[in-house]
Amino acid sequence: MDRREFIKKTGQAIALAAITGGTGLAFNERRVSHYESLIPKISDFTIPLDNSLPGIALAKNSNHTAALNSALDAIGGIKRFVQKGERVTIKPNIGWDRSPAQAANTNPDLVAEMVRLCLDAGAGQVIVTDISCNDPRRCFLRSGIRDSAEKAGAKVILPSDDEFVKTDIKGKELEVWPVLKPFIETDRLINMPIVKQHSMSTCTIGMKNFFGVVGGERYRLHQNIDQSIVDLAAFCKPTLVVIDATHVLMRDGPTGGSLDDVLTADSVICTTDQVAGDSRGAEFLGFKGADVSHIVLAEKSGLGKIDYRSIGYKEIS
Amino acid sequence: MTIKQVKNLRRFSQVLFFAIFFWLILKTNFSVNFNPSNPNEIILPLPVSIALQFDPLTALGTLLANASLYKGLLWSLVILIPTIFLGRFFCGWVCPLGSLNNLISEIPSERIRRKGRQKIDSNRYKKYQRIKYYIFFFFIAGSLIGTLQIGLLDPLPLLARSVGTVVLPAVHTAALGIVGWVKSLGIPPLGRAAQIAYDFIAPLVLNFRLVHFHAILTIAFVFIAILIMNRIYTRFWCRGICPLGAMLGIFSRFAIFGLKKDEKACNQCNECLLHCQGADNPDIGSTWRQAECHLCLNCQAICPKGALKFKFFPDQEITKSNPAPVQKIDISRRKAMASVVGGVLLYPLFRSGDAFGVNADSRLIRPPGASAENDFLARCIRCGQCMRVCPNNALHPTFLESGFEGIWSPILIAKIGYCEPTCTLCGQVCPTGALLPLTMKQKVGDESTPPNRIGTAFIDRGRCLPWAMARSCIVCEEWCPTSPKTIYLKDETVINREGVTVTVKQPYVDPALCTGCGACEFACPIADRSAIYVTSVGESRSTKNQLLLQRKETRKV
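Parameters at a glance
- Residues numbered from 1 in each chain as written.
- Chains lettered and ligands numbered in written order.
- Predicted model: local features only at pLDDT ≥ 70, side-chain atom pairs only at ≥ 80, totals over all residues.
- Helix = DSSP H or I, 4+ residues; strand = E, 2+ residues; numbered from the N terminus.
- Buried ≥ 20, exposed ≤ 12 C-beta atoms within 10 Å, placed from the backbone.
- Rg over C-alpha atoms; globule rule 2.2 N^0.38 Å.
- Domains from an automatic or database assignment.
- Contact = placed C-beta atoms within 7 Å.
- Nonpolar A, V, L, I, M, F, W, Y, C, P; charged D, E, K, R; others polar.
- Axes fitted to C-alpha atoms, helices over the stretch in contact; angles between N-to-C directions.
- Parallel < 35°, antiparallel > 145°, perpendicular 65-115°, else oblique.
- Left-handed = near helix turned anticlockwise from the far one by under 90°.
- Core = buried A, V, L, I, M, F, W, Y, C linked by C-beta atoms within 7 Å.

1. Structural notes on the overall build of chain B
Here comes step 1: Within chain B, the regular secondary structure consists of 24 helices and ten strands.
Here comes step 2: In terms of overall dimensions, chain B has C-alpha extents of about 105 × 65 × 45 Å along its principal axes.
Here comes step 3: Evaluated residue by residue, chain B yields a buried proportion of 47% over its 557 residues.

2. Remarks on the overall build of chain A
Here comes step 1: Secondary structure assignment for chain A yields eight helices and twelve strands.
Here comes step 2: Here the C-alpha atoms of chain A give a radius of gyration of 25 Å, more than 25% beyond the 20 Å that 2.2 N^0.38 yields for 317 residues.
Here comes step 3: In terms of overall dimensions, chain A has C-alpha extents of about 105 × 40 × 40 Å along its principal axes.
Here comes step 4: Within chain A, the proportion of its 317 residues that are buried is 52%.

3. Considerations on the domain arrangement of chain B
Residue and element names in this part refer to chain B.
Here comes step 1: For chain B, the assigned domains are domain 1 (3–25 + 46–158 + 224–312), domain 2 (164–210) and domain 3 (373–535).
Here comes step 2: The C-alpha-based centres of domain 1 and domain 3 are spaced at 44 Å.
Here comes step 3: If you look at the interface, domain 1 gives 19 residues, while domain 3 gives 14 residues.
Here comes step 4: When residues of the side of domain 1 that touches domain 3 are traced back to their parent elements, those giving at least two are helix 2 (50–53) and helix 3 (56–66).
Here comes step 5: Looking at which element gives the most residues to the side of domain 1 that touches domain 3, the answer is helix 3, with four residues.
Here comes step 6: Residues belonging to the side of domain 1 that touches domain 3 are distributed by class as follows: nine nonpolar, nine polar and one charged.

4. Observations regarding the interface of chain A and chain B
Here comes step 1: Taken residue by residue, the interface counts 28 residues in chain A and 31 residues in chain B.
Here comes step 2: It is helix 4 (residues 136–142) of chain A that provides the largest number of residues to the side of chain A that touches chain B, a total of four residues.
Here comes step 3: When the residues that make up the side of chain A that touches chain B are grouped by side-chain class, the tally is seven nonpolar, ten polar and eleven charged.

5. Some remarks on unusual backbone geometry
Here comes step 1: Of note, the amide linkage connecting Gly-253 of chain A to Pro-254 of chain A takes the cis form, showing an omega dihedral of 0°.
Here comes step 2: Within the secondary structure layout, Pro-254 of chain A lies in the loop between strand 10 (240–249) and strand 11 (262–271).
Here comes step 3: Cis rather than trans, the peptide bond between Ser-483 of chain B and Pro-484 of chain B has omega equal to 0°.
Here comes step 4: Relative to the helices and strands, Pro-484 of chain B resides in the loop between helix 23 (475–479) and strand 8 (487–495).
Here comes step 5: Phi is positive for Ala-67 of chain B, which is not a glycine, with a value near 55°.
Here comes step 6: Turning to its location among the elements, Ala-67 of chain B is positioned in the loop between helix 3 and helix 4 (77–86).
Here comes step 7: The class of Ala-67 of chain B is exposed, set by 9 C-beta atoms lying within 10 Å.
Here comes step 8: The phi torsion at Asn-281 of chain B lies on the positive side, around 60°, for a residue other than glycine.

6. Points about the environment of Asp-307 of chain A
Here comes step 1: Residue placement: Asp-307 of chain A occurs in the loop between helix 8 (293–300) and strand 12 (313–316).
Here comes step 2: When the C-alpha atoms of Asp-307 of chain A and Ser-279 of chain A are compared, they prove to be 7.6 Å apart, with 28 residues separating the residues in sequence.

7. So, helix 7 (residues 274–282) of chain A
Here comes step 1: When you tally the buried positions in helix 7 of chain A, you get nine out of nine residues, the bulk of the element.
Here comes step 2: For helix 7 of chain A, the complete set of buried residues consists of Gln-274, Val-275, Ala-276, Gly-277, Asp-278, Ser-279, Arg-280, Gly-281 and Ala-282 of chain A.

8. Re helix 6 (residues 96–106) of chain B
Here comes step 1: Burial within helix 6 of chain B is extensive, with eight of its eleven residues counted as buried.
Here comes step 2: Those residues of helix 6 of chain B hidden inside the fold are in contact with helix 1 (3–26), helix 5 (89–94), helix 10 (155–184) and helix 13 (236–241) of chain B.

9. Details of the packing of helix 3 (residues 108–120) of chain A against helix 5 (residues 145–152) of chain A
Residue and element names in this part refer to chain A.
Here comes step 1: Where helix 3 meets helix 5, the axes come as close as 8 Å, and the angle between the chain directions of the two elements is 20°. Between helix 3 and helix 5, the crossing angle belongs to the class labelled roughly parallel. At the point where helix 3 passes helix 5, the crossing takes the right-handed sense. Mapping the contact onto sequence places Pro-108, Asp-109, Val-111, Ala-112, Val-115 and Arg-116 in helix 3 and Ile-145, Ser-148, Ala-149, Lys-151 and Ala-152 in helix 5.
Here comes step 2: By residue class, the composition of the contact of helix 3 with helix 5 is seven nonpolar, one polar and three charged.

10. What to know about the packing of helix 9 (residues 131–145) of chain B against helix 14 (residues 243–251) of chain B
The angle between the axes and the distance between the axes are what describe a pair of packed helices.
All names here are of chain B.
Here comes step 1: Where helix 9 contacts helix 14, the axes come no closer than 8 Å and their chain directions differ by 95°. The angle between the axes of helix 9 and helix 14 places the two elements in the roughly perpendicular class. Taking contact as the criterion, the partners of Lys-132, Tyr-133, Ile-135, Phe-136 and Phe-139 in helix 9 are, on helix 14, Pro-243, Gly-245, Ala-246 and Met-247.
Here comes step 2: Of the residues assigned to the contact of helix 9 with helix 14, the class counts are seven nonpolar, one polar and one charged.

11. Some remarks on the environment of Leu-69 of chain B
Here comes step 1: Counting through the fold element by element, Leu-69 of chain B comes out in the loop between helix 3 and helix 4.
Here comes step 2: Dropping the residues within four chain positions of it, Leu-69 of chain B is found in contact with Ala-59, Leu-63 and Leu-74 of chain B.

12. Focus on the nonpolar core
Here comes step 1: In this structure, Ala-71, Met-114, Val-115 and Val-268 of chain A are the most contacted members of the largest nonpolar core, which totals 220 residues.
Here comes step 2: Broken down by element, the residue count for this core peaks at nine residues, all from helix 9 of chain B.
Here comes step 3: If sequence neighbours within four positions are ignored, Ala-71 of chain A has contacts with Ala-57, Leu-58, Ala-59, Val-268, Ile-269, Cys-270 and Ile-316 of chain A.

13. Comments concerning the environment of Asp-280 of chain B
Residue and element names in this part refer to chain B.
Here comes step 1: Mapped onto the secondary structure, Asp-280 falls in the loop between helix 15 (271–275) and helix 16 (298–302).
Here comes step 2: Placed 269 residues apart in sequence, Asp-280 and Arg-11 show a C-alpha to C-alpha distance of 20 Å.
Here comes step 3: Excluding anything up to four places from it in sequence, Asp-280 contacts Tyr-125, Trp-288, Arg-289, Glu-292 and Cys-293.

So this is what it looks like as structure tokens:
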């Protein structure tokens, strides 16, 4: 072995040893975090109160889009809620693989009309989305909402895994949960629930509809359902609540499945007060708002008024 | 035609048919429309399983096992009848698995470049090529007795199954992994580019969401082994194993199209052997074997002297160097008989075990529309189309849940996905009628029609939150899709650890209403093993596997 060869071989061995040792050191005790940075509490979508207008309006009309328009006009009209160029997210209930007549999902005609109203008011973009319970492709299709909302000009988003952000709900019960982006990255949030019976929360109307903004293991929310509902309602703070009571699911909610379970009420409620809206909506199912524990808790938490007449109630028929 | 032209023409045909086959598998997903005659019903507009119905072996196997040919399977005659006249053109020009084997065999390697002589020798007819005929007889005899096993090795179901349950999900997993890795590098433009590329490719080839299938390692093993063997023997599968190739070989016995060898023109260059796909002895001096020939036409095109010609009614001269011009299938009658006996014995062997009937797995939940197990096993070819089309990833290949006899047949695993009550896609894609196409009315039921039931739910009270742990939960009842709900709740006051009395709603199952869809098992918050689970008892397809004295079968809509 000559000197040159000795140096070369020794040098190679040292280099390999250095790489080996270096790799070991570099990865020693290094923990890779799987958590993305948390999004802080989202902006408040509510608009300022206007005491000259009623806080809640209910319109009854067998022409459902007309009912929506008259109820909305009574509380100030769409221009009060949506400004030019704004991005609007509409959150109907598209939870189940059910047809419109079975009243498990929001009436597709109302959703389409709401999309049109927002666009006419100058909205830059209108998004319609929900995190369904059943397969979203089936729910969006069979509810009729995909087709009707797209036809009206909305962007319909089916939730996919990379559309979620880990978000701090900052609730009493709920902390960090994955939230679908369009519910955060928007200017206006319009909640469009349908009135349904629910065996645990008594009724599922507006505030319960916000279960559909979080993904993950949301079946665990039922272990403290009242606080979970209130936490999510306080987190979402919608601009406007439009309650579909055209068809009401009286039994076997929230899935239904039989036309026997459905009552035709031909009514639409528009309000800026989530608690008042749910309180009025619950009456279709034969309850008072004060009978429903999550509505009571919501009022205690300062989200609104159970006594919906106190904020100015108008009924149009 | 030059060899290049022949090869290009054949490649065009192979690529075309492979593309159609692959595209149909990709389209076996939620590409749906509303049924024009019933706007509530969702249907697949494309006949996505049509390729499988062109398979003559599937047709023959199911015909023997059921004494009837299920709807589209008559299409297989489009392949079979021309084969009778021409020979195995299907293998060389159409079969997508054959094309894949062809492709992998032809990737250049040292074996081909350096060892030409070895390659020539390996392309001569070999005794191992008889094996496929014995496999064919074995499976066909089994079919005749009523256990349909041909799907395990029938190339079209095999490829559909392998692509649908192994290749595409693995590609999806890899794609997500790559995108996630690129994003984790912390270079935002790179991460965005990866996402854009993924968003572009995903809707074309990937599923709506990542699916996970049960027991796919065994499917992958068979498929990969088939592909790897091409590197040892050119088209080993097609030459030695494929039972469809064997069947087509047998049907080409009276072919009027064949190879005419001109002994005088031949200069013994052996180019024909070097390019032979089927190992059918195209050279002068050995016997050409019609039943082995894939009709690739390479020999005719490569022959520098024009000594080999495919033609109709080739009149063969018998000469010293061409001893017996055309020999029919080379099999030993004794071994063929042994294969038949073996195939026949499959049935008593399978059915004397306990997996069928007497001790069937309680979790063997067949898809909706499945016929009774006996009939089902005589029809299912394990093509995996039902598993691929299921929007909820509910259907999976079995491993041993239905014994060796039912390996890779479909099973519903509710923890991964439940059966959507209004969905009828699996029955729509089944090419053999193992799953009958139900209408939505037959699936959900109404005043006059009982619903299709696949099992019954049971509550594990030791794991259920309101039953065992004094905690609230009603998720199973919330998800229950029947109306009225199968799951009902009773208020119960229980005392928790702190000694506080709390009221919880405890769930009960009404077995008369349950359809076994598994939505409750899927939604149960007890993540690792649900506190409510479905077993097969009560399934519509069985008269024995029941629990109730009688039940009211219809419901109001």
